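Structural description and commentary
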Amino acid sequence: MADKQHHILAIGGHAGDLDLTAGAVIAKYTQAGHKATFLHLTPGEKGHPRLSPEDYAKQKIEEAHKFADIVGADVRFLAYKDAELPVNDEVKYQVCDVIREVKPDIIITHWKGSIHKDHENTHWIVQDAHFYAGLKTIERELPAHYARHLYYADNWEDPYDFNPEVFMDIPEDAYETWVKAMNVYAYARGETYGFPFIEYYKALTIVRGAPAGFKRAQAFAVPRGALSKRLQFFD
């Protein structure tokens, strides 16, 4: 990994989704000299009991930029509204164009089995955008780019049939950076509806790490068959 610069593109339904579920891994990568970009399809602006969606959108966008600055990543948004994210070719091609622009070799997004429609819709959007981006015969403004790896993050809202198969060790520096970054999000601090996001995801790194022999880890599922290998001998 250290011999070649890698680029992670983390695509979430809302600002904060991939920050919390994959942010420690992203901090690990950026601290090792790699690149990362967050693409938030909506701000997640309808999840505040006191602020208007317009005011909370501004806050979430500011928080997303602060998080990205702390972990050393870039950030961008599409112009969709929380709870109204469509699944159509327009949004799929918008995501395709971002993939072709930033040229990631690793994409992380939502698992499909979610209690939140925006998360599930993001899963299907990214599945087709990943395919469209890599297909040379689909002509867009930028040339085709195929991202070699696709992973699904470990989100408490995306639990149905989630089967983590990849466990990424989280070093101390990356962990501390990620915890600092999570604290910029008011919702993560429990200031919207009280769910203890930060404590939950901190604890989850121990839960996922211990069986893998790590002090802390973040876990990911992969597309069916993605770990299949043709071997002459076992690794």
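Residues numbered from 1 in each chain as written. Predicted model: local features only at pLDDT ≥ 70, side-chain atom pairs only at ≥ 80, totals over all residues. Heavy atoms only, no water.

In the nomenclature of an unreviewed UniProt entry, the chain is known as PIG-L family deacetylase of Alicyclobacillus dauci.

What to know about the sheet that holds strand S7 (residues 217-221)
We apply this condition: Pairing between two strands is assigned when DSSP locates at least 2 bridges connecting them. Segments assigned H or I by DSSP are reported as helices when at least four residues long, segments assigned E as strands when at least two residues long, and all are numbered from the N terminus. Lines fitted to the C-alpha atoms define the axes, with helices restricted to the stretch that makes contact. Angles between their N-to-C directions range from 0 to 180 degrees. Any two residues whose heavy atoms approach within 4.5 Å at even a single point are treated as in contact.
Reading across from one edge, S3-S2-S1-S4-S5-S7-S6 is the order of the seven strands in this open sheet, with mixed pairing throughout. The open sheet is flanked by strand S3 (74-77) and strand S6 (166-169), the only strands paired with a single partner. Pairwise comparison of adjacent strand axes, ignoring direction, gives a mean angle of 30 degrees for this sheet. Against the sheet, helix H4 (residues 117-134) touches strand S1 (7-14), strand S2 (35-42), strand S4 (106-109) and strand S5 (149-153), its axis set at about 140 degrees to S1. Strand contacts of helix H6 (residues 197-212): S6 and S7, with the helix running at about 80 degrees to S7, the strand carrying the most contacts.

Quick word on the side chain of Arg100
Under the convention used in this document: Relative accessibility decides the category of a residue: with a 1.4 Å probe and only protein chains considered, values under 20% of the type maximum give buried, values over 50% give exposed, and everything between is partly exposed. Working convention for charge: Lys and Arg count positive, Asp and Glu count negative, and His plus the chain ends are omitted. For this analysis, a salt bridge means a side-chain nitrogen from Lys or Arg found within 4 Å of a carboxyl oxygen belonging to Asp or Glu. Pairs of N or O atoms within 3.5 Å make up the polar contacts considered here, provided that, within protein, one atom can donate a hydrogen while the other can accept it, and that residues adjacent in sequence are counted only when both atoms are side-chain atoms.
Residue position: Arg100 is located in helix H3 (residues 89-102). Buried charged residue Arg100 carries no salt bridge. Nearest counter-charge: Asp97, at 5.6 Å. For Arg100, the side chain forms a polar contact with the main-chain oxygen of Ala133, separated by 3.1 Å. A distance of 2.8 Å separates a polar atom in the side chain of Arg100 from the backbone oxygen of Leu142. Those residues in contact with Arg100 that sit more than four places away from it in its chain are Tyr132, Ala133, Leu135, Ile138, Glu139, Arg140, Leu142, Pro143, Ala144 and His145.

A look at the pattern of salt bridges
Scanning the model with the defined rule gives 11 salt bridges in all. Here Glu84 and Lys46 are joined by a salt bridge, their closest N and O atoms 2.4 Å apart. Taken together, the residues span a long stretch of sequence, with Glu84 in the loop between S3 and H3 and Lys46 in the loop between S2 and helix H2 (53-71) at a distance of 38 residues. The partly exposed category is assigned to Glu84, whose relative accessible area is 46%. Taking the relative accessible area as the measure of exposure, Lys46 reaches 37% and is therefore partly exposed. Here Arg189 ties to Glu191 by a salt bridge, and the two come within 2.7 Å at their closest N and O atoms. Classification of Arg189 by relative accessible area gives partly exposed; the value is 37%. Among the charged side chains, a network of salt bridges with common partners joins Lys4, Asp105 and Arg148.

Digging into the nonpolar core
Stated formally: Nonpolar cores were defined as sets of buried Ala, Val, Leu, Ile, Met, Phe, Trp, Tyr and Cys residues, with membership established by side-chain atoms within 4.5 Å.
Ranked by size, the top nonpolar core spans 41 residues in total, and within it Ile26, Phe38, Phe67 and Tyr185 carry the most contacts. Secondary-structure elements contributing two or more residues to this core are S1, helix H1 (17-31), S2, H2, S4, helix H5 (172-182) and H6. Ranked by residue count, the leading element in this core is H1, at eight residues. Ile107, Ala147, Phe162 and Ala221 belong to the second largest nonpolar core, which has 26 residues in total.

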